[in-house]
Amino acid sequence: RPPYKASPPAFSPEIWIRWSKDAGETWTETKQDLPKFAIPIEPALIMHEGVTLVLARSHGKEALDTENQVWRYTQLYSPTGWMPFAASFTNITASQVGASPWHGPWSQDTVEISFNPVSERIEAVATNRNGGEPGREHPTNQQTINLWSISPDELAAGSSQWRFEGTLLRRR
């Protein structure tokens, strides 16, 4: 396979929301400009007890943790359930940039989020195409599905630091 050389298209740091009140006959839309670092791609969204949380991989130079050579996820949080969203980076990481010649911004991984009524925490299931978290013992020859969580109270206090719960699946 040839080394990764293509650059992803440039996206604006913004989020668009579109909604319909008549089963899709007509649509309304609005957008919010975000800080330069927050370019949410393939977002997952949860609304819980009146708040909205969006978790998405982020494209752009600012999303790269240059010290560890990993991509980071962006979190958008609204205590009102609607715009405006507060944007921040999370500590959830994705594929290691230098681990493979074709792992550039487009090979970042995806997430899904939900509220766990047993733990009373918001949980994110995140794929990682070349390693888990923390440690990534073999970053170039494994894929993992990892579980992260954060409490609603931590989100309300402005935190974007998620707790790593463990690796659910590891594949060589």
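Residues numbered from 1 in each chain as written. Predicted model: local features only at pLDDT ≥ 70, side-chain atom pairs only at ≥ 80, totals over all residues. Heavy atoms only, no water.

A.B. asks: Could you give an account of the environment of Trp27, naming the residues involved and the relevant values?
C.D. replies: You can see Trp27 is positioned in the loop between strand S1 (14-19) and strand S2 (28-33). If we ignore the near neighbours within four places in the chain, the residues touching Trp27 are Arg18, Trp19 and Ser20. Separated by 3.2 Å, the side chain of Trp27 and the backbone oxygen of Gly24 make a polar contact. (Helix = DSSP H or I, 4+ residues; strand = E, 2+ residues; numbered from the N terminus. Contact = heavy atoms within 4.5 Å. Polar contact = N/O pair within 3.5 Å; in protein donor to acceptor, adjacent residues only side chain to side chain.)

A.B. asks: Could you give me a rundown of the pairing of strand S4 (residues 51-58), with the residues and numbers involved?
C.D. replies: Most of S4 sits inside the fold, with 8 of its 8 residues counted as buried. Bridge count between strand S3 (residues 40-48) and S4: 7 bridges; the pairing is antiparallel. Bridge assignment links Leu45 to a residue of S4, and that residue is Val54. Hairpin connection, S3 to S4: the antiparallel pair is bridged by 2 residues, and Glu49 has positive phi, about 50 degrees. Examined bridge by bridge, S4 and strand S6 (residues 70-78) share 6 bridges and lie antiparallel to one another. Each residue of the ladder has a partner; that of Val54, found in S6, is Leu76. (Buried < 20%, exposed > 50% of the residue type's maximum accessible area, 1.4 Å probe, protein only. Pairing = 2+ DSSP bridges.)

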